[in-house]
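Listed here are the chains, written in short residue letters.
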Amino acid sequence: MSWVNGQPANGVSVHDRGLAYGDGLFETIKVVDGQPELLDRHLHRLELGCHRFAIPCDFIMLRAQIAAFSAALGDGVAKLILSRGDGMRGYRLPQPCLPRTVLTGSPLPNYPIEHSEDGVRLFACTTRLAEQPALAGLKHLNRLEQVLARAEWQDPAVAEGLMRDTSGRVIEAVFSNIFIVKSGVLLTPSVERCGVAGVMRGELLERARRAGIPTQVADISLDQLLGADEVFVCNSLYGIWPVRQLQASVWPVGPLTRKLQSLVADLSSNT
């Protein structure tokens, strides 16, 4: 199932700048019973990206497209791509800019329940995230760093990979955000230099604060991660996976991780 600019279609122009240069943004939206979850957060991040990239977008029309597509999809994953549209050879921005929306639907991923209950192993990726504040926080179309990182392991017993930046700071996992717990404080890395400001990350921080849990967004070193009391990863499709092992370091599934899982159970009970 795929739509282009709100209409059923199976392809896009070979001149699309998203294909040529990665010139665009995307969102991966969980759909349950025809309803897109965390849609306001997805659209807010997309709007920030459009402002930074100078891509015009009618968000009222886009919201209506997503709602209609989600209703037709029922249950699954709606991937939204917003490219700058067609352009000729060269980096100069096309004038006028006629952005293109692409919506594709796929089934919800069938992750093992053990990932949520017992925790997962992380692989320490050697691929580093480049520090580029102009792109930081956004889900832009260039995912080559993640492609290279995911190619580093083939062991099916490893569910995710840890990614650091070129300075060695812990940033995120390959397709998830990462949190640590230390002395009762919930910490997650800053994504001001690189990385993605995940919608589940934002939702977790907000719900944790409402629940009275101390939170902090800051630079986190690998030593801080290895010395944490609890570690978990999260995204909008699966919710929270406790991390039980990274190399020689092991962690229990801790009480704060379990509490946070319960706080977002309404968003992860269908995976």
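Going by the structure above, here's the rest.
Residues numbered from 1 in each chain as written. Predicted model: local features only at pLDDT ≥ 70, side-chain atom pairs only at ≥ 80, totals over all residues. Heavy atoms only, no water.

Q: What should I look at first to understand the sheet that holds strand E5 (residues 76–83) in this one?
A: In a beta sheet, neighbouring strands pair by backbone hydrogen bonds and run either parallel or antiparallel. Spatially, E2-E1-E6-E5-E3-E4 is the arrangement adopted by the six strands of the open sheet, whose pairing is antiparallel. What marks the edges here is a single partner per strand, and that holds for strand E2 (7–8) and strand E4 (35–36). Bridge analysis of strand E3 (residues 24–32) against E5 gives eight bridges, and the strand direction is antiparallel. Residue pairing in the sheet places Ile 29 in a bridge with Ala 78 of E5. With respect to the sheet, helix H2 (residues 39–53) is in contact with E3, E4 and E5, its orientation differing from that of E3 by roughly 175°. Relative to strand E6 (residues 100–106), helix H3 (residues 59–73) is tilted by about 20°, and along the sheet it contacts strand E1 (2–4), E3, E4, E5 and E6. (Pairing = 2+ DSSP bridges. Helix = DSSP H or I, 4+ residues; strand = E, 2+ residues; numbered from the N terminus. Contact = heavy atoms within 4.5 Å. Axes fitted to C-alpha atoms, helices over the stretch in contact; angles between N-to-C directions.)

Q: What am I meant to see in the nonpolar core here?
A: Here is a general trend for soluble globular proteins: nonpolar side chains tend to be buried in one another's company. With 20 residues, the main nonpolar core has Leu 43, Leu 46, Leu 62 and Ile 66 as its most contacted residues. Counting only elements with at least two residues in this core, the list comes to E3, H2, H3 and E5. With sequence-adjacent residues up to four places away left out, Leu 46 is seen in contact with Leu 25, Glu 27, Phe 59, Leu 62, Leu 80 and Leu 82. Val 120, Leu 162, Leu 187 and Trp 251 belong to the second-largest nonpolar core, a separate cluster that totals 19 residues. (Core = buried A, V, L, I, M, F, W, Y, C linked by side-chain atoms within 4.5 Å. Buried < 20%, exposed > 50% of the residue type's maximum accessible area, 1.4 Å probe, protein only.)

Q: I keep staring at the pattern of salt bridges and nothing clicks. Help me out?
A: Pairing is possible between side chains of opposite charge, provided their charged atoms come close. Summed over all chains, the structure comprises 16 salt bridges. With its nearest N and O atoms 2.5 Å apart, the salt bridge here joins Arg 41 to Glu 206. One end of the pair, Arg 41, is in helix H2; the other, Glu 206, is in helix H6 (residues 199–210), with 165 residues separating them in the sequence. Using a relative accessible area of 35% as the deciding quantity, one classes Glu 206 as partly exposed. Across the pair Asp 266 and Arg 207 runs a salt bridge whose closest N-O atoms are separated by 2.8 Å. Of the two residues, Asp 266 is situated in helix H9 (residues 265–268) and Arg 207 in helix H6; the sequence distance between them amounts to 59 residues. Look at Asp 266 and you get partly exposed, because its relative accessible area is 46%. It is possible to trace a salt-bridge network through shared partners that takes in Arg 41, Glu 203, Glu 206, Arg 207, Arg 210 and Asp 266. (Salt bridge = Lys/Arg side-chain N within 4 Å of Asp/Glu carboxyl O.)

Don't take any of this as a statement about function, it's just geometry.
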